[in-house]
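Report on the structure
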There are 2 protein chains.
Amino acid sequence: MNLHQLRIFYTVAQLGSMTAAAKQLYISQPAVTKQVHLLEENYGVTLVERSGRGIKLTALGKAVYQQAGKLFDQARTIERLLQSSHAPVRIGGTQITISRLIAADVAGPGIRYQAQNTQQTVALMKAQQLDFAILPFRAAVSGFDCLLLTQDQWVFVAAPQQVPADLTLAALLNQTLIVREPGSETRVVLGQTIGATVFSDAIETNSPLDAIRLAENGQGIYFTARSSVQALLDNGKLALVTLRDYQPTARPLYLYVSAGVPRALGEKMKQRLIAVFATSN
Amino acid sequence: MNLHQLRIFYTVAQLGSMTAAAKQLYISQPAVTKQVHLLEENYGVTLVERSGRGIKLTALGKAVYQQAGKLFDQARTIERLLQSSHAPVRIGGTQITISRLIAADVAGPGIRYQAQNTQQTVALMKAQQLDFAILPFRAAVSGFDCLLLTQDQWVFVAAPQQVPADLTLAALLNQTLIVREPGSETRVVLGQTIGATVFSDAIETNSPLDAIRLAENGQGIYFTARSSVQALLDNGKLALVTLRDYQPTARPLYLYVSAGVPRALGEKMKQRLIAVFATSN
DNA sequence: GGACATTACGCCATCCGTAACTATC
DNA sequence: GATAGTTACGGATGGCGTAATGTCC
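Residues numbered from 1 in each chain as written. Chains lettered and ligands numbered in written order. Predicted model: local features only at pLDDT ≥ 70, side-chain atom pairs only at ≥ 80, totals over all residues. Heavy atoms only, no water.

An unreviewed UniProt entry lists chain A under the name HTH lysR-type domain-containing protein, with Secundilactobacillus similis DSM 23365 = JCM 2765 as the source organism.

Dropping the structure here:
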């Protein structure tokens, strides 16, 4: 009995699609197909049948799906037992990342957030004041494992009507910019990108959500991580501002996990964080 | 959640011993220790404590043990579903091996035994009349996987009072032998070992159990696979007959699994067969 | 000293992702 | 042609066994 294969099949059954299951499980779609078929081969049965472009459960597949639900309920009971005695989990990162976590309601029992700038966050890590940290660069901090959480892009956005044509980086300074407070990651990267440190004629706010709202209302051009505005780009409330001499820069996010964190907890938190930063919301 | 680790812990908890769990699971003892400790590390908890030479469950360990029982019950329910639609499993082998299986009551729903001599068994395999076969040699039969089931020894045994001193193979023919019917594996190997084909003055039976009983009653010397009489050797009802010019010969048993057999079923059957032939009963 | 548990190391199986392919609409 | 599923291959991880070591009676 392979719980891993069963969980993949269960997700496929629940969503009625291999592709959807792959997305939800954050694995590739061929991996899902493979495991489902292996489960079938192991027992010499058919659980899923191709139906046109999609799939369909067999009668046995439906029965197994139903019973598997009970199994995972019991598995959760055991996991709760095993995780019952944990101190609050402390997550640190820059304001823009932490605000995403709070917005996505990643707030199980006993999670504490520490929004700081990057230097302060690293200092907290070294002082062993954090269990997890999210930073936009890879650094060696002793006692922490570092892994790539997501790959984002730095982009310029504005309300669709406000997007100037044929712009360059240098010309940006003549436009109204929406900028964040000095010391914030967003402001620092913007400064490096444009090659400027002073932003006269800019609207300044220390709230990412306010900044987005200002851009949406046509108040100016905002420089931000693409995923934080992807939903607005999708529904047309915001548009990308393309520059002749600028290609969107990669903006990785790295998750740092303290060595003191039990592995299962780290894995669970990692999955939740990947889910938050992978969704375009 | 790792079902494998949980099952190992569950067995340890049930038996109260790492070593006993290793034996029951047919894995090495370090592997058990490793998995139990990994389970603990994964969740940052303690489930098992060393207590003198043995171990002791913590309160959490007891709770997890209890809940794990329910989980495995549900897992069994699902396995039954997945295995519900199987044709009867057909197992073939020589009489001495099949009789061990029957004696050990390996007879789940729909198992059919085919006791034949080795040539007939191979013929049945080629005719696709068998799902599993047990043979004392390794042979390439297309459509079958072959794996070593156990390593046994061919030995001479007799009632303790009847064991002659300073015997040789040649001198055996002057002793009363208990032999099995012509064509049986036991008889063939005995012939090869002694270098004789005719056994005058021998007691002949076609029942392994009768043969053992005859030896136990002091009727003569019996040549057999050691594991079939290990229990009697242990409690002194029988004794090994040592010969100056004979070292016990290895008697391997190979399990043949048809390629048509679903993997989980093959695995399960393999475990059951290993259990039968590993025990000295 | 013996029984049991732990640690270290090398090997094999499993599972993933990428890429190329097939089938249905 | 686009979307969903399948097949093939190379690389990382996990779990095993063997062997050596530690620890308690």
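Still to come is the rest of the account.
Turning next to the overall build of chain A. Check the secondary structure of chain A and you find eleven helices and eleven strands. Its C-alpha atoms put chain A at 70 × 50 × 25 Å along the principal axes. Sequence-distant contacts, at least 24 apart, represent 69% of the contacts inside chain A between residues at least 6 apart. In the form shown here, chain A has an accessible surface area of approximately 13,900 Å², with 48% of it arising from carbon and sulfur atoms. The distance from the centre of the 26 positive side-chain charges to the centre of the 19 negative ones in chain A is 7 Å. (Helix = DSSP H or I, 4+ residues; strand = E, 2+ residues; numbered from the N terminus. Contact = heavy atoms within 4.5 Å. Areas by Shrake-Rupley, 256 points an atom, 1.4 Å probe, with all protein chains shown as cover. Lys, Arg positive; Asp, Glu negative; His and termini not counted. Charge placed at Lys NZ, Arg CZ, Asp CG, Glu CD.)

Regular strands place side chains that alternate from one sheet face to the opposite one. All names here are of chain A. Alternating residues of strand E7 (residues 177–180) divide into Leu177 and Val179 and Ile178 and Arg180, and every residue in both groups is buried. Here E7 runs beside strand E8 (residues 203–205); their pairing, made up of three bridges, is parallel. The residue of E8 that forms the bridge with Val179 is Glu204. (Buried < 20%, exposed > 50% of the residue type's maximum accessible area, 1.4 Å probe, protein only. Pairing = 2+ DSSP bridges.)

Least-squares fitting of chain A to chain B yields an RMSD of 0.2 Å, with the superposition described by an axial translation of 0.2 Å and a rotation of 180°. Here the transformation between the copies is reduced to the relation of a two-fold axis. Both copies present the same face, since 100% of the interface residues in chain A are matched by interface residues at the equivalent positions in chain B. (Least-squares fit on C-alpha atoms with pLDDT ≥ 70 in both.)

Right, let's talk about the protein's contact with DNA strand D for a bit. Within the structure, DNA strand D sits among 23 residues, and Thr19, Gln29 and Arg263 of chain A together with His4 and Ser28 of chain B are positioned closest to it. Measuring from a phosphate oxygen of DNA strand D, one finds a backbone N or O atom of Met18 of chain A at 3.3 Å. Contact between DNA strand D and Asn2 of chain B: a phosphate oxygen at 3.0 Å from a side-chain N or O atom of the residue. Sorting the residues of the surface near DNA strand D by element identifies helix H2 (18–25), helix H3 (29–43) and strand E2 (54–57) of chain A together with helix H3 (29–43) of chain B as the ones contributing at least two each. (Near = heavy atom within 4 Å. Polar contact = N/O pair within 3.5 Å; in protein donor to acceptor, adjacent residues only side chain to side chain.)

Moving on, we get to the domain arrangement of chain A. Once the domains are mapped, chain A shows domain 1 (3–83) and domain 2 (88–281). Each of domain 1 of chain A and domain 2 of chain A has a C-alpha centre, and the two are 35 Å apart. (Domains from an automatic or database assignment.)

Turning our eyes to something else, we now look at the pattern of salt bridges. In total, this model carries 16 salt bridges over all chains according to the counting rule given. Residues Arg180 of chain A and Glu181 of chain A are paired through a salt bridge, measuring 3.4 Å at the closest nitrogen-oxygen approach. With respect to class, Arg180 of chain A is no different from Glu181 of chain A; both count as buried. Here Glu185 of chain B makes a salt bridge to Arg251 of chain B, at a shortest N to O gap of 3.3 Å. (Salt bridge = Lys/Arg side-chain N within 4 Å of Asp/Glu carboxyl O.)

Chain A puts 30 residues into the contact, and the matching count from chain B is 30 residues. Among the residues of chain A in contact with chain B, Met1, Tyr43 and Leu82 of chain A are the three that bury the most area, contributing 26% of the side total. Inspection of the region where chain A meets chain B yields zero salt bridges. Between the two partners, chain A and chain B, sit eight residue pairs in polar contact (both at pLDDT 80 or more). Tallying contributions element by element places helix H4 (residues 59–82) of chain A first for the side of chain A that touches chain B, with 14 residues. (Buried area = accessible area lost by both parts, 1.4 Å probe.)

Moving on to the pairing of strand E3 (residues 89–93) of chain B. Residue and element names in this part refer to chain B. Among the five residues in E3, four count as buried, and that is most of the element. Inspection of the sheet shows E3 paired to strand E4 (residues 111–115) by five bridges, in the parallel sense. Note that in E4 the partner of Ile91 across the bridge is Tyr113. Alignment of E3 against strand E5 (residues 132–135), held across three bridges, turns out to be parallel. Each bridged residue has a counterpart across the sheet, and for Gly92 the counterpart in E5 is Ala133.

Another point: the packing of helix H1 (residues 3–15) of chain A against H4 of chain A. Residues and elements named next belong to chain A. For the pair H1 and H4, interaxial distance at closest approach is 10 Å and the crossing angle is 115°. For the pair H1 and H4, the sense of crossing is left-handed. Touching Leu3, Leu6, Arg7, Phe9, Tyr10, Ala13 and Gln14 of H1 are Gly61, Val64, Tyr65, Ala68, Gly69, Leu71 and Phe72, all from H4. (Axes fitted to C-alpha atoms, helices over the stretch in contact; angles between N-to-C directions. Left-handed = near helix turned anticlockwise from the far one by under 90°.)

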